[in-house]
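Below, each chain spelled out in residue letters.
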Amino acid sequence: MSEYDYDLFVIGGGSGGVRAARIASQHGARVAITEGFRYGGTCVIRGCVPKKLMVYASRFPEEFKESAGFGWNLGEASFDWKRLIDNKDTEIARLENAYQANLKRAGVDIYSSFAHFVDPHTVKLIEEDRTFTARYILIATGGYPNIDQTLEGREHLITSNDIFHLDEMPKRICIAGGGYIGMEFASIFNGLGAETTLIYRGPEPLRGFDDEVRAHVRQEMIDNGVNFVFGEVFTKIEKTENGLVGTTTTGRKIEADQILFAIGRSPLTDGLNLGAAGVQVGERGEIPVDSESRTSVGHIYAVGDVTDRVALTPVAIREGHAFADSVFGEMKTVVDHENIATAVFTTPEIGTVGLTEEQAVQRLDETVVYAANFKPMKATIGGSNGRMLMKLIVDGSSDRVVGAHIVGPDAAEMAQLIGVLINCGATKAHFDTTIPLHPSAAEELVTMREPTRRHKKS
Ligand code: NDP
């Protein structure tokens with residue numbers, strides 16, 4: 001008999017925790033997992049997946065408009081918010097069940113309760129009032145959306161936790177924050193026909209992305225009808241007879257039916273009683289870990305957003321898998337956090353991987369930039385004014401492609417594949433010798449011959 005109830009106890013049934021539990025069990029470990037909300041975590045339940053479904057919904061009006069140029073006559077379109085939400089909920093419930101079914105099939109014991117530490121090897125399931133011991137414990141509790149705790153009227157705001165379940169679609173929405181979530185929901189609600197305003201404290205949204213990409217997307221979103229307010233933040237939110245009124249730092253008043261705050265997310269460690277386990281916690285509530293996801297306590301590990309490394313679902317999954325392989329599969333695996341392809345599902349969408357032009361200029365002796373800005377074929381007779389932007393960032397010394405940035409239809413799909421090339425060390429010469437696939441937008445990536453600019457360190 002083992003001295004512990006389980007070999008592994010996982011706290012948190014999101015992407016990272018579920019993957020780790022499943023793989024550890026397949027390696028022969030006795031595994032349990034607990035989740036206090038819904039299996040699937042933020043990504044499946046109130047993040048990437050429902051968001052992408054809403055992105056699809058938001059892009060139909062433009063398709064309807066473009067179809068006229070291709071000969072179609074359509075009647076007047078109307079949109080049913082409730083039907084979208086109901087169908088989305090059905091799909092999310094299906095995925096949630098699939099997550100649990102996969103865990104069961106792998107032989108994992110599943111609990112539905114929040115949990116906290118009692119001591120370094122013991123967790124208590126709060127709602128179930130049971131305790132279990134485990135040789136290893138994995139913390140995979142994710143994060144939660146921030147709100148400004150000093151803002152007057154903050155009780156009137158919603159966050160990304162609420163946006164997927166509104167009874168009615170807001171006719172006017174104001175979104176605070178110019179990051180992934182703010183920009184994506186601005187595009188979604190604008191596409192669905194809401195009067196949409198995005199307020200961002202800086203001069204240009206999507207800080208950290210390639211500057212040319214940021215400017216291009218911002219302008220395209222303006223052309224699509226999104227209102228931007230830059231250099232201001234809300235100082236007060238009031239409820240009135242007509243909805244909400246937000247007052248900004250310049251005294252500007254913005255009226256809306258809903259005000260969505262998307263000003264970042266924080267690691268979710270409150271309530272875990274980490275002190276009882278001796279696990280160190282950082283200033284933002286994050287759990288610092290080493291390259292193998294080990295916390296300050298040798299047998300307690302953490303993966304995903306709770307560690308505040310790269311807050312993306314596939315990264316959490318990879319970290320969870322690597323942990324399980326390393327600890328239970330005798331296959332030591334360290335996750336490489338470089339060159340992760342990522343997308344922002346704005347309209348137009350962004351797909352990006354590797355260094356931005358600005359990062360390359362800072363790091364490399366010579367940076368060569370190839371850029372193309374063009375009207376996609378569908379827009380020619382479809383009549384849309386949107387333009388695509390494609391950029392390759394090349395290390396002038398080695399000819400290696402170190403970054404790729406795409407804005408426009410299917411940018412995410414392209415970035416995923418270029419990520420493989422960049423990770424294989426492909427050079428610009430490899431791109432040049434690849435025969436283009438015609439007619440496609442992606443062919444532009446292998447036909448950009450003349451550098452747009454070069455930067456040399458003096
Ligand atoms: P982000 O960190 O992407 O953006 C936060 C935004 O809020 C920034 O514009 C930031 O400004 C601004 N901000 C921060 N603090 C304040 C404040 N106190 N007052 C006003 N503005 C503020 O966070 P999100 O909430 O958009 O998303 C969280 C994370 O979720 C993302 O970073 C990403 O990792 C993940 N995600 C990924 C998606 C994808 O892969 N497609 C989709 C959605 C989320 P500044 O830039 O000046 O700091």
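Above: the structure in question.
Residues numbered from 1 in each chain as written. Predicted model: local features only at pLDDT ≥ 70, side-chain atom pairs only at ≥ 80, totals over all residues. Heavy atoms only, no water.

A closer look at the site of the ligand
Taken together, 18 residues form the shell around the ligand, and within it Ile181, Arg201, Arg207, Ala311 and Ala343 come nearest. Residue Arg201 places a side-chain N or O atom 2.8 Å away from an oxygen atom belonging to the ligand. Backbone polar atom of Ala311 to an oxygen atom of the ligand: 2.7 Å apart, as the coordinates give it. Protein chains shield 75% of the accessible area of the ligand, which is 920 Å² for the free molecule. In terms of residues, the shell around the ligand owes the most to one element, helix H5 (residues 180-192), which gives three residues. Considering only residue class, the shell around the ligand consists of nine nonpolar, four polar and five charged. (Near = heavy atom within 4 Å. Polar contact = N/O pair within 3.5 Å; in protein donor to acceptor, adjacent residues only side chain to side chain. Areas by Shrake-Rupley, 256 points an atom, 1.4 Å probe, with all protein chains shown as cover. Helix = DSSP H or I, 4+ residues; strand = E, 2+ residues; numbered from the N terminus. Nonpolar A, V, L, I, M, F, W, Y, C, P; charged D, E, K, R; others polar.)

Structural notes on the environment of Glu127
Tracing the sequence through the fold places Glu127 in the loop between strand E5 (122-125) and strand E6 (130-139). A C-alpha to C-alpha distance of 28 Å links Glu127 and Pro288, two positions 161 residues apart in sequence. Not counting the four nearest positions on each side in its chain, Glu127 is found in contact with Ser113 and Phe114. A distance of 2.7 Å separates the side chain of Glu127 from the side chain of Ser113, its partner in a polar contact. Within polar-contact distance, the side chain of Glu127 engages the backbone nitrogen of Phe114 at 2.8 Å. (Contact = heavy atoms within 4.5 Å.)

Side note on the pattern of salt bridges
Following the criterion strictly, the structure yields 32 salt bridges and no others. For Lys236, the salt bridge identified is with Glu238, shortest N-O distance 4.0 Å. Under the relative-accessibility criterion, Lys236 is labelled partly exposed at 23%. Overall, Glu238 belongs to the partly exposed group, its relative accessible area being 32%. The network of salt bridges with common partners includes Asp210, Glu212, Glu357, Lys391 and Arg453. (Salt bridge = Lys/Arg side-chain N within 4 Å of Asp/Glu carboxyl O. Buried < 20%, exposed > 50% of the residue type's maximum accessible area, 1.4 Å probe, protein only.)

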